[in-house]
Every structure is written in C-alpha cells, then in structure tokens.
Amino acid sequence: MIAGEPSVLDAALLESSTSSLTPDMLDALRAVHDPEYPDISIVDLGLVETVIALDGQVTVGLIPTFSGCPALAMIADDVRAAVESVDRVVSCQVEWLPSPVWAPERMSQTARKQLESYTVVLRGRDGSLRCPVCGSSDVNEQSMAGPTRCRSVSWCDSCRNPVEVMR
Amino acid sequence: MRTLADAPAGGRSWAGLDDFQAFIDAGGMVEPGDDMPVEYRDEVFRFIEFHANSELMGGLTERDWIPHAPGLRLKQIFLAKTQDEIGHAHLLYMVAADMGVKTRTEMLEDLFVGRSRFHNVFHYQAVTWADQVAIAFLVDAAAFASQRAVFAECTYGPYKRILKRIVSEEGFHMRHGEEMLLRLATGTPTQHDMFQAALDRWWWPAVQLFGPDSPPGDTDPLIRWKIKSKRNEELRAAYVQKYVPLLQSYGFEIPDPELHQDADGTWVPGEIDWEPLKATMRQGGPDSARRIKTAADNWADTAWVREALA
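From a predicted model like this one, the values you see are computed outputs, not experimental measurements. (Residues numbered from 1 in each chain as written. Chains lettered and ligands numbered in written order. Predicted model: local features only at pLDDT ≥ 70, side-chain atom pairs only at ≥ 80, totals over all residues.)

Re the overall build of chain A
Heads up, the rule is: Helix and strand definitions here come from DSSP, where helices need a minimum of 4 consecutive H or I residues and strands a minimum of 2 consecutive E residues; each element is numbered from the N-terminal end. For every residue, the other C-beta atoms within 10 Å of its own C-beta are counted; 20 or more classify it as buried, 12 or fewer as exposed, and values in between as partly exposed. C-beta atoms are placed from the backbone. A residue pair is marked as a contact if its C-beta atoms, positioned from the backbone, fall within 7 Å.
A tally of helices and strands in chain A yields 4 helices and 7 strands. When the helices and strands of chain A are placed in sequence order, the string is α-α-β-β-α-β-α-β-β-β-β. In chain A, which comprises 167 residues, the share counted as buried stands at 39%. Pairs at least 24 residues apart make up 52% of the contacts formed inside chain A by residues separated by at least 6 positions.

In structure tokens, the structure reads:
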C-alpha cells in the first residue's frame, strides 16, 4: 500500500480486510511522532504498514526508513505505549517488517510540508529539487551524507541556505 | 519569538547601526543577501564558528566511545549521534563560510592550531563510560538549553533554520541520555558509584557551559542584536533549578557543599570558580592539548580524501 494523502492512507488501512485498525487506534498511532521531529506523525511518514487485532492483542507492523536507523527502538516503544492506552487493547506488539521497502512516496503531503519547514526536502518524481526556503531550483549537492543516513546536504545558490535532501 | 514564515528578502541596507537596531527591534530577520553592518556580521560569524567548532569537537568525543559503548544498540546510538554532531558542524561551517569572514579551511586550521574556541566541556577527559553518560545527560542538556535560547530569537535567517533542526534533533539525544542514566542509576551499587564519580567530575563544567554572567543591560552585542534571547545567568539558574532535584531523586549527590534552597525553594549554587572555564578558553583545560591534537591528526590523515575529491 502506497500512501498519498493521509486521508487515503487512513481509509486504506481502515477498510483493508487484513487490518483491524479502529479510529481510536489510528488516533493513537497518529500521536506517535518522529523522535527527531516532534511534530511529524509516523502515520504521515508512511511507517505504519499493518495493524492486526485479535481479542485485544494488537500487532503493529512498521517499516523503517533506513534499516540501521537508530530511532527504531524508540519508535517501537512509543507505538506500544500509545496503542496500549487505547480502550479494550490489552497488549501491543510491534514488528519491523523487512518488506515493503520504505520510499519517500509513502510520505503524505502533510509530512512533506512539515519537513520543508525544517529545510528538509524530497526530490520530485523527475529528480528535480526545489529550495524549500525560496523556491529556487538552483540547489546543488555538497555532500552525500548529512547529519543522518537518510539525508544528503545541498546548498541553495539563490538564497544561500543549506538544504537537506531525503535520500 | 521571531518566525521564519516569509521567504528571505535580502538586498537590504541600513543607514547606520541605529537604523539596523530599529530593524532588529521591529522583529526583522537578516539574510545573506543583505548589506549587513560589518559589526553584526563579525559577531554572528564568531558565534556560529564557535558553535560549529563545538559540534565538531563534540562529535569526535562521541566517536571515541563507539568501540567502548556496552552493547550493539548503544554502539548504534553513538554512531548516529557522532554523525549527527559532525553533520551539524558541516551545516554550520557552510553558513559561517558564506559570511565571507573566513573560509571553511581557515576555520578548521584555526581550530586545529588552537587559535579559535569551542565549548569548555570538550576540554575535559571522559574517564569512564559513566562520564560519557554524564556528558549525554548533563552536558547535552546544558548545550540544548543554550541552543534553544538562541533559536527562540536568532536574527540571522540561515543560522535560525539550522538551529530549528539541531534543537529538534538534540531533543532525541536527550531521551538517549535519560535512558542511559536510568540504567546506571537503577543498576548495581558499583554502577551507582561510577555515575557519582562522573557527576563529581562533570557537574561544574556543565554549569559553567553557560558562561559567566552576561555584561549588564544590553552591552552584549549578541543580546542587543537578538542572537541570544536570554542572559547567561538566567539560563544557568534555570538549569540548576531543574537538574539538582532530578539528580537527587536518583540518589546522587551534587558536588557543591554550599548548594542550598532559598526561602522560596530556589536552588542556589555556591560561588562559582571561573578559573577552570578561563583555562579552557586559552586551550589550557585538562584534556585540551590531546583533543585538539586528535582533531588535527584526523584532519591531516584525511587530506588524501580531499585531494581525491578536489
């Protein structure tokens, strides 16, 4: 399932025959945020893949943006705590799924806009880049790695700001 | 709090410092394309250079502990934190170099010969693993508080944009620090003693990270031009107020015999000896020479990479 708008993702998860996501659980998952970006929801980032509930035992299947991401344990802890606070949920188990592989397309427009407010940007489908600060396309890569493994560093020659690009 | 809502203007100029001050006081944000007063440019540049140097030196300290961190998960966390700090230094050096005062190479070379400064806390030695936990819990928290106070105002646009990311990413480091501290605090008596010994070494450097009291009124140009939103003594007092009861609740003792609560419950530290801080500013801290040499060697050892990429 590839997520576009958050509403599409929610609807797809809510209606999927293998999913037992209730609106309460979705709200709980929505309230779990990226540990590095405290206002961006993991649902909007496209990390939630499956939710299966059986007699109050919930299993949430997540996919990591990068398999070596150091935030995985923290995200799993937060998801468990959030889901276990939902009515009628007895316990929650989190699994990191080996597939599908996360891709930037899984992010919702909301998450993209939020990341842009941090000067972090995604390439367009044609590989193009737009500076999230001034809108210029005069953005040039400086180094393949930045502060995290999932981002490279570019420089906008128009407004002279560093821009981080999700890889 | 100043916001970054608008796309950067740039291309502005001011008749003089009074005119510029009026712009700052009215909530203005300076951008690289502006013809900013040279006094402002130099102060902001020095501040960003100091911050960049501190991120780099901090990253190298974290790196030292990757092989020694107990367990794969903590090694992974230290790897990520090292990359985070070096990455922050990278972004900050880009913005600093763009200001046209020094090139990136000049900044690094000044750092490696001891001509420029970095945070006092990176002039000390981390003796045991518990020291590294104290750094993650206490020192990162102090640095975080001071960065947050810069982010709150910060009139230089590109710096404020980087700080927004740094501040949110440091919040993630805080959680790791707390997690590691909890393990030692609730561990064996030996682990508890280890952390107490580390606390004895790191409490004062952490408190001194905020610096001596700011000069009176708005004589500090960084306050006047709203790079800093709070005075050093305000930040220091808030830090002591938060961390004293927290550390005591885990059963640790603050290494300050004169520490006491005043009538309204505020924690008041004993008189601070600023000599150790001054020594670090002259590169004369207990571990300054070794740390600077390690960083310089690292730079020299990687010369071939820069040549290959040039």
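Focus: the interface of chain B and chain A
Put simply, an interface is often sized by how much accessible area is lost when its parts join up. Defined as follows: Three residue categories are used. Nonpolar comprises Ala, Val, Leu, Ile, Met, Phe, Trp, Tyr, Cys and Pro, charged comprises Asp, Glu, Lys and Arg, and polar comprises the others, including Gly.
Facing 27 residues of chain B, the contacting portion of chain A comprises 24 residues. A total of 13 residues in the side of chain B that touches chain A trace back to one element, the largest contributor, which is helix 3 (residues 72-98) of chain B. Of the residues assigned to the side of chain B that touches chain A, the class counts are 11 nonpolar, 8 polar and 8 charged.

Digging into the sheet that holds strand 7 (residues 161-166) of chain A
Basically, it comes down to this: Any two strands are treated as partners once DSSP identifies two or more bridges connecting them.
Pairing is mixed in the open sheet, where 4 strands are placed in the order 4-7-6-5 (chain A). Each end of this open sheet is capped by a strand with a single partner; those strands are strand 4 (120-121) and strand 5 (139-143) of chain A.

Things to note about the environment of Met57 of chain B
All names here are of chain B. Tracing the chain through its elements places Met57 in helix 2 (residues 38-64). Residues Met57 and Val167 lie 110 residues apart in sequence; the distance between their C-alpha atoms is 18 Å. Met57 has contacts with Phe118, Phe122, Arg291 and Ala295, leaving out every residue within four places of it along the chain.

Let's talk about the nonpolar core
So the rule is basically this: By our criterion, buried Ala, Val, Leu, Ile, Met, Phe, Trp, Tyr and Cys residues that link up through C-beta atoms within 7 Å make up a nonpolar core. Domains are outlined according to an automatic or database domain assignment.
Among the nonpolar cores identified, the biggest contains 110 residues, and Val133, Ala134 and Leu138 of chain B are the most heavily contacted of them. Lining this core are residues from two domains, each supplying at least three of them: domain 1 (6-105) and domain 2 (119-166) of chain A. Aside from chain neighbours lying at most four places away, what touches Leu138 of chain B is Trp202, Ala206 and Tyr243 of chain B. Among the nonpolar cores identified, the runner-up in size contains 5 residues, and Trp65, Ile77, Phe78 and Ala80 of chain B belong to it.

Here's the deal with the sheet that holds strand 3 (residues 91-96) of chain A
Residues and elements named next belong to chain A. How we decide: Only the contacting stretch of a helix is used when fitting its axis, a line to C-alpha atoms as for every element, and angles between N-to-C directions run 0 to 180 degrees.
With mixed pairing, 3 strands are arranged side by side in an open sheet as 1-2-3. For this open sheet the edge positions go to strand 1 (48-54) and strand 3, each flanked by a neighbour on one side alone. Ignoring which end each strand starts from, the neighbouring axes of this sheet average 15 degrees apart. By the bridge criterion, 6 bridges tie strand 2 (residues 57-62) to strand 3 in an arrangement that is parallel. In the strand pairing of strand 3, Val58 is matched with Cys92. Running over the sheet, helix 3 (residues 72-84) touches strand 2 and strand 3 and is turned about 150 degrees from strand 3.

Describing the confidence of the model for chain B
What counts, and what does not: Predictor confidence is given residue by residue as pLDDT, running from a minimum of 0 to a maximum of 100.
Confidence along chain B averages 94 in pLDDT terms, with 99% of residues attaining 70 or more. Scored as a whole, the predicted complex attains pTM 0.91, and scored at its interfaces, ipTM 0.91.

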